[in-house]
Amino acid sequence: MHINTFKIIIIGLLAALFFSSTFIINRYIAIDGGHWFWSAVLRYIYMLIILSFGFIVFKGYSYLKTLITEFFTHCIFWIIAGSIGFGVFYALICYVAKSAPAWVVATTWQFTIIASLFILSFFGKKISKLTWVLIVVMFIGICLINFSYITLDNIISQLFNIVLILVACFAYPIGNQLVWEAQHNKDFLPNSRKDILKNVFSKIFLLSLGSLPFWVILSLFFEVGVPSYNQYVSMILVAIFSGITATSFFLYARTKANTPSKIALVDATQSGEVIFTLMIEMIFLGALMPSMIGIVGVAITSMGLLALVKS
């Protein structure tokens, strides 16, 4: 294994560790009674504030102004990419948190690994057959975990939650791949500032800014009320741990992945969220130990990831 491949795997797993905080905190807020809409939108508002402050301090106000100019120059692209990759993805993840355990959401979310392959194929990337096989094995593990969660007394609601997570699984890689194409394909977004797209934090800022119209429109369809005190506090942690730290690690690893198989590998490291989320939820939120079928599913998913790494 080349050292650069090993590095992107480690970085991807670090991203998975910080991403797991999203599922835990969202579940905590849902149990506490906070509306899922504010759990979603506050994350991106905080991210914009933190990133704006960081740009001013480390790069100067002129750089922040340049970013905003770049956004409005290609506002349609960033609104589309941000609304899909950040908006649709996170709105659905927060919505299902009110009725599904965090580890189940995190595990089902791993379908994004397979969704990523379809997205890469759609954008003309070639994926090795072995990669497909191993990821399908991981998907079988994900299915087993969901079977352990589903009960007949509320099966419709549970299946609906699973469908929503699967939609989120496609939305996130679509947004990421649009940005990847904008950075690496000179004909994809003409006249864009490639130097800006090389900066991970700049990409997160532009995607977050692009998602704002989505949140405004979404608020018109739900009675969202006002955020709870716990949401104000907790979403700061989500913004720092998941929104900035984890996303930065993840997009950095994806940027360093110079082949379609390596991109798929970075996406596959996110299956580590399952183990991290399960352990943290059991310790801090008193989640029950998964059934034997669920444990087998977690084991299959983990072994699939390890085999994918070794391949």
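Residues numbered from 1 in each chain as written. Predicted model: local features only at pLDDT ≥ 70, side-chain atom pairs only at ≥ 80, totals over all residues. Heavy atoms only, no water.

Caption draft 1: Region of the structure containing unusual backbone geometry. Positioned with a positive phi, N191 is a non-glycine residue whose angle comes to about 70°. Secondary-structure assignment places N191 in the loop between α8 (155-184) and α9 (194-197). (Helix = DSSP H or I, 4+ residues; strand = E, 2+ residues; numbered from the N terminus.)

Caption draft 2: Spatial organisation of the environment of L67. Of note, L67 is situated in helix α3 (residues 61-73). C-alpha of L67 to C-alpha of T247: the two residues are 180 residues apart in sequence and 18 Å apart in space. Setting aside residues up to four positions removed in sequence, L67 forms contacts with F55, I196, S202, F205 and L206. (Contact = heavy atoms within 4.5 Å.)

Caption draft 3: Spatial organisation of a nonpolar patch on the surface. Nonpolar side chains collect at one region of the surface, where Y28, I31, M279, M282, I283, F284, L285, M289, M292, I295 and V296 lie side by side and expose about 1100 Å² of accessible area between them. For the nonpolar patch, the secondary-structure elements that each account for two or more residues are α1 (3-32), α13 (272-284) and α14 (292-310). In terms of residue count, α13 provides more of the nonpolar patch than any other element does, four residues in total. Locating M279 in the fold gives a position in helix α13. Note on M279: relative accessible area 49%, which makes it partly exposed. (Patch = residues over 30% accessible without salt bridge, like charges linked within 9 Å, V, L, I, M, F, W, Y side chains within 5 Å. Areas by Shrake-Rupley, 256 points an atom, 1.4 Å probe, with all protein chains shown as cover. Salt bridge = Lys/Arg side-chain N within 4 Å of Asp/Glu carboxyl O. Buried < 20%, exposed > 50% of the residue type's maximum accessible area, 1.4 Å probe, protein only.)

Caption draft 4: Representation of the side chain of T131. When you line up the elements, T131 lands in helix α7 (residues 129-149). Taking relative accessible area as the criterion, T131 reaches 6% and is therefore assigned buried.

Caption draft 5: Representation of the packing of α3 against helix α10 (residues 200-219). At a closest axis distance of 10 Å, the pairing of α3 and α10 adopts a crossing angle of 50°. Here α3 is positioned oblique relative to α10, judged by the angle of their axes. As for how α3 packs across α10, the hand of that crossing is right-handed. In contact with Y63, L64, L67, I68 and F71 of α3, α10 contributes S202, F205, L206, L209 and G210. Grouping the constituent residues of the contact of α3 with α10 by class yields eight nonpolar, two polar and no charged. (Axes fitted to C-alpha atoms, helices over the stretch in contact; angles between N-to-C directions. Parallel < 35°, antiparallel > 145°, perpendicular 65-115°, else oblique. Left-handed = near helix turned anticlockwise from the far one by under 90°. Nonpolar A, V, L, I, M, F, W, Y, C, P; charged D, E, K, R; others polar.)

Caption draft 6: Layout of empty space enclosed by the protein. Taken as a whole and assessed by the stated rule, the structure comprises three cavities of 30 Å³ or more. Looking at the largest cavity, its volume works out to about 160 Å³. F19, W109, T112, Y172 and E273 are the residues nearest the centre of the largest cavity, which is lined by 17 residues in total. Elements supplying a minimum of two residues to the lining of the largest cavity: α1, α4 (75-96), α6 (111-122), α8 and α11 (229-256). Taken together, the residues of the lining of the largest cavity break down into eight nonpolar, six polar and three charged. If you add up the space inside the second largest cavity, you get close to 60 Å³. Lining the second largest cavity are N176, V179, W180, Q183, H184, K203, L251, R254 and T255. Counting only elements with at least two residues in the lining of the second largest cavity, the list comes to α8 and α11. Here the lining of the second largest cavity takes five residues from α8, the largest share from any one element. (1 Å grid on protein atoms, 1.4 Å probe; cavity = no way out; pocket = protein on both sides within 12 Å on 5 of 7 lines; lining within 4 Å. Points joined across faces, edges and corners; volume = space filled by probe spheres on them.)

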